[in-house]
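So you can see what is in the structure, the chains are spelled out below.
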Amino acid sequence: NTADMLLRRFPWLSSVVILDADANVFMSVPSIQLKQLDYPPLLTVPPKSSPRDLRAFAQDTVLGPEIILARPIMQEAETVGFFAATFDFRSLLPYADATGDIVARAPGVTLWSGDRMYDETPLAGVDWDNVLNERSFGPVGEGEDAMVWIVRYLGGMPLVIAGSAN
């Protein structure tokens, strides 16, 4: 089926999920998920978005963080469900070099902090709400701790990715 094909084509995906209008699971592949996820944050339309736009959020679980990216299923102007894909940011690391130097953060959730603790990086002291209103990349910190960062938006959710500037 289509869900199995997506999971084979993109092996870093954890699951493909169909949700009803209240964000309850209607169907999931695989049918049993290791991480227990709560999907109701998908019900909130992000600022500066239309009800038809992609939506995303990151959720911390006991097994690690998970990103949920969803497309609303619309019937005329009403959302009747969601087609969602979930993935753990760490599953993308085999595709990167120097993963110990990478730090990735979504609002309220550290997705990956490499060889460091996020709170010990210069990123921890940044007021991201204010900074992201003005910039989409830049340096932070000084000396050996200096980092460069860039933001990419997934369904309205800012995903800040940083690496060592040295």
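Presented here is a report on the structure given in the accompanying data block. (Residues numbered from 1 in each chain as written. Predicted model: local features only at pLDDT ≥ 70, side-chain atom pairs only at ≥ 80, totals over all residues. Heavy atoms only, no water.)

### Remarks on the pairing of strand E5 (residues 78-87)
We apply this condition: One requirement defines pairing of two strands: DSSP has to find at least two bridges between them. Secondary structure elements follow DSSP: runs of H or I of four or more residues count as helices, runs of E of two or more count as strands, with numbering from the N terminus.
One ladder, built from 7 bridges, connects strand E1 (residues 13-20) with E5; its direction is antiparallel. Directly across from Leu19, in E5, lies its bridge partner Phe82. As paired strands, strand E4 (residues 66-75) and E5 are joined by 9 bridges and run antiparallel to one another. Its bridge partner lying in E5, Ile67 is registered against Phe87. Between E4 and E5, which pair antiparallel and follow one another directly, the connecting turn spans 2 residues, one of which, Glu76, has a positive phi of 60°.

### With respect to the packing of aromatic side chains
For any two aromatic rings, the description comes down to two numbers: the centre-to-centre distance and the angle of the planes. Note the cut-off: In summary, the pairing rule links any two rings of Phe, Tyr or Trp, Trp by its six-membered ring, whose centres are within 6.5 Å, and it sorts them by plane angle into stacked for under 30 degrees, edge-to-face for over 60 and tilted for everything else. Only protein chains enter the accessibility calculation, which uses a 1.4 Å probe; a residue is then buried when its area is under 20% of its type maximum, exposed when over 50%, and partly exposed in between.
Following the criterion strictly, the structure yields 3 aromatic pairs and no others. Here the aromatic rings of Trp12 and Phe87 are separated by 5.2 Å at their centres, their planes lie at 85°, and the arrangement is edge-to-face. Taken together, the residues span a long stretch of sequence, with Trp12 in the loop between helix H1 (2-9) and E1 and Phe87 in strand E5 at a distance of 75 residues. Among the residues examined, Phe87 registers a relative accessible area of 7% and is labelled buried. Joined through ring pairs, the aromatic side chains of Phe10, Trp12 and Phe87 make up one cluster.

Bear in mind that shape data such as this cannot, by itself, settle questions of function.
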